[in-house]
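Structural features, examined
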Amino acid sequence: MESTVIKIGGMSCQGCVKNISGVLGALPGVASAEVSLDAAEAQVAFDPQVIARAALLEAIEDAGFDAE
């Protein structure tokens, strides 16, 4: 497992947090995703053999948020 912190822009409420948590949690290879509205970031544990960090960013952006 690998861990990464992704900065997220555009979150304004707990609904956004739940949305992003659901999107990340549904991806294959993601073990956990903790999204913080206050910190404007997600801490994601994932298997790099299954999914790349770039795919995590893309999933967040596809959900309508900025990710880096």
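None of these values were measured; they are calculated from a predicted model.

Concerning the sheet that holds strand β1 (residues 2-9)
Strand order in the open sheet formed by 4 strands is β2-β3-β1-β4, with antiparallel pairing between adjacent strands. Every interior strand has two partners, whereas the edge strands, β2 (30-36) and β4 (66-67), have only one. Bridge analysis of β1 against β4 gives 2 bridges, and the strand direction is antiparallel. Paired with isoleucine 8 across the bridge in β4 is alanine 67. Where helix α1 (residues 14-25) meets the sheet, its contacts fall on β1, β2 and β3 (41-46), and the angle it forms with β2 comes to roughly 165°. The strands touched by helix α2 (residues 53-62) are β1, β2, β3 and β4; relative to β1, the strand with the most contacts, the crossing angle is about 30°.

Observations concerning the environment of leucine 24
You can see leucine 24 is positioned in helix α1. Note on leucine 24: relative accessible area 0%, which makes it buried. Taking the C-alpha atoms as reference, leucine 24 lies 9.6 Å from valine 35; in sequence the two are 11 residues apart. Setting aside anything within four residues of it in sequence, one finds leucine 24 in contact with Val30, Ala33, Ala42, Val44, Leu56 and Ile60.

Points about a negative patch on the surface
Residues Glu58, Glu61, Asp62, Asp66 and Glu68 make up a contiguous surface patch of negative charge. Of the residues forming the negative patch, the biggest block, 3 residues, is contributed by α2. Examined against the element boundaries, glutamate 68 turns out to sit in the segment after β4. For glutamate 68, a relative accessible area of 64% corresponds to the exposed category.

Description of the nonpolar core
Among the nonpolar cores identified, the biggest contains 20 residues, and Ile8 and Leu56 are the most heavily contacted of them. Elements with a contribution of two residues or more to this core: β1, α1, β2, β3 and α2. Setting aside chain neighbours within four positions, we find leucine 56 in contact with Thr4, Ile6, Leu24, Leu27, Val30, Val44, Phe46 and Ile51.

Focus: the side chain of glutamate 41
With respect to the helices, strands and loops of the structure, glutamate 41 is situated in strand β3. In this structure the side chain of glutamate 41 is engaged in a polar contact, spanning 3.1 Å, whose partner is the side chain of lysine 7. Those residues in contact with glutamate 41, other than ones at most four positions away along the chain, are Val5, Ile6, Lys7, Ile8, Met11, Glu34, Val35 and Ser36.

Cut-off values and rules
Residues numbered from 1 in each chain as written. Predicted model: local features only at pLDDT ≥ 70, side-chain atom pairs only at ≥ 80, totals over all residues. Heavy atoms only, no water. Pairing = 2+ DSSP bridges. Helix = DSSP H or I, 4+ residues; strand = E, 2+ residues; numbered from the N terminus. Contact = heavy atoms within 4.5 Å. Axes fitted to C-alpha atoms, helices over the stretch in contact; angles between N-to-C directions. Buried < 20%, exposed > 50% of the residue type's maximum accessible area, 1.4 Å probe, protein only. Patch = residues over 30% accessible without salt bridge, like charges linked within 9 Å, V, L, I, M, F, W, Y side chains within 5 Å. Areas by Shrake-Rupley, 256 points an atom, 1.4 Å probe, with all protein chains shown as cover. Salt bridge = Lys/Arg side-chain N within 4 Å of Asp/Glu carboxyl O. Lys, Arg positive; Asp, Glu negative; His and termini not counted. Charge placed at Lys NZ, Arg CZ, Asp CG, Glu CD. Core = buried A, V, L, I, M, F, W, Y, C linked by side-chain atoms within 4.5 Å. Polar contact = N/O pair within 3.5 Å; in protein donor to acceptor, adjacent residues only side chain to side chain.

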